[in-house]
Amino acid sequence: VGSEMCIRDRLRKNKSILIVGCSRFGSSLAKALSVKNYDVSIIDINPDSFRKLSENFGGYTIVGDGISTDILEAGGIKDADICIVATDNDNTNNLIAQIASRIYNVRKVYMRLKDIEKNSLVENYNIQIICPYTLCIKEFENMSSIELED
């Protein structure tokens, strides 16, 4: 099994990225990463969400609940280099990110989080927070040269 894993890793040219949530954010990332030739799989519970993907999206779409380990495995979480969790629900994102990090040992896990107060739930894990509020504040600071937060 060990040598089989090494051969598969050498044959795979691009990083494997699993995205859970085909929201505007998730679909935009999926499109951009697919164009850059990453191996992208995207999961969403609503099949209509995939219409946000462009025609040139070269990845895989999986309809299902990202909380399900069967669905995550169908999306390739066992081989994922990166997992991006981008549903519209903070609690769902937190749970899926922790499953990716703690059960499947995905090295890089990114989680969208609307409520920054919940970031303490993942402090000691390899989960990076993407918080739209914080990004907007930082962008405003960059644009205006006004420092708002320490």
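Here the structure is shown first, and the text comes after it.
Since the structure is predicted, the reported quantities are computational estimates derived from the model, not experimental observations. (Residues numbered from 1 in each chain as written. Predicted model: local features only at pLDDT ≥ 70, side-chain atom pairs only at ≥ 80, totals over all residues. Heavy atoms only, no water.)

S.K.: Residue-level account of the pattern of salt bridges, with values.
M.R.: Oppositely charged side chains can form a pair if their charged atoms are brought close together. A full pass over the atoms with the stated rule returns three salt bridges. A salt bridge links R112 to D88; its shortest N-O distance comes to 3.0 Å. Pair noted here: R112 is in strand β5 (residues 108-112) and D88 is in the loop between β4 (82-85) and α4 (90-103), with a separation of 24 residues, a long-range link. On the accessibility criterion, R112 (12% relative accessible area) is buried. (Salt bridge = Lys/Arg side-chain N within 4 Å of Asp/Glu carboxyl O. Helix = DSSP H or I, 4+ residues; strand = E, 2+ residues; numbered from the N terminus. Buried < 20%, exposed > 50% of the residue type's maximum accessible area, 1.4 Å probe, protein only.)

S.K.: Hey, could you go over helix α5 (residues 132-144) for me, with residue numbers and the actual values?
M.R.: Compared with the 18 Å implied by 1.5 Å per residue over 13 residues, the 18 Å span of α5 between its first and last C-alpha is a close match. Among the residues of α5, T134, I137 and E141 are the ones counted as buried. With its buried residues spanning 65 degrees around the axis, α5 presents them on a single face. Structural note: α5 exposes C136, N142 and M143 on the side pointing more than 90 degrees away from its buried face. S145 occupies a position one or two residues after α5 and carries a positive phi of about 60 degrees. (Expected span 1.5 Å × (residues − 1). Arc of directions from axis to C-beta.)

S.K.: Run through the side chain of T87, naming residues and quoting values.
M.R.: Examined against the element boundaries, T87 turns out to sit in the loop between β4 and α4. Reaching out from T87, the side chain makes a polar contact with the backbone nitrogen of N89 at a distance of 3.2 Å. A polar side-chain atom of T87 sits 2.4 Å from a polar atom in the side chain of N93. Among all residues touching T87, those that are not within four sequence positions of it are V20, G21, T92, N93 and R112. (Polar contact = N/O pair within 3.5 Å; in protein donor to acceptor, adjacent residues only side chain to side chain. Contact = heavy atoms within 4.5 Å.)

S.K.: Residues and numbers for the environment of S49, please.
M.R.: Here S49 lies in the loop between β2 (39-44) and β3 (60-63). It is 8.5 Å that separates the C-alpha atoms of S49 and G21, two residues lying 28 residues apart in sequence. For S49, the residues in contact, after removing those within four places along its chain, are C22 and D44.

S.K.: Residue-level account of the environment of D88, with values.
M.R.: Judged by its relative accessible area of 51%, D88 falls in the exposed class. Note: C-alpha distance between D88 and S23 (65 residues apart in sequence) is 7.2 Å. Every residue in contact with D88, bar those within four places of it in the chain, is listed here: S23, R112 and K114. A polar contact is formed between the side chain of D88 and the side chain of R112, at a distance of 3.0 Å.

S.K.: Provide a residue-level description of a nonpolar patch on the surface, including the pertinent values.
M.R.: A surface patch of nonpolar side chains, about 270 Å² in accessible area, is lined by F140, I146 and L148. Looking at the secondary structure, you find L148 in the segment after α5. Under the relative-accessibility criterion, L148 is labelled partly exposed at 46%. (Patch = residues over 30% accessible without salt bridge, like charges linked within 9 Å, V, L, I, M, F, W, Y side chains within 5 Å. Areas by Shrake-Rupley, 256 points an atom, 1.4 Å probe, with all protein chains shown as cover.)

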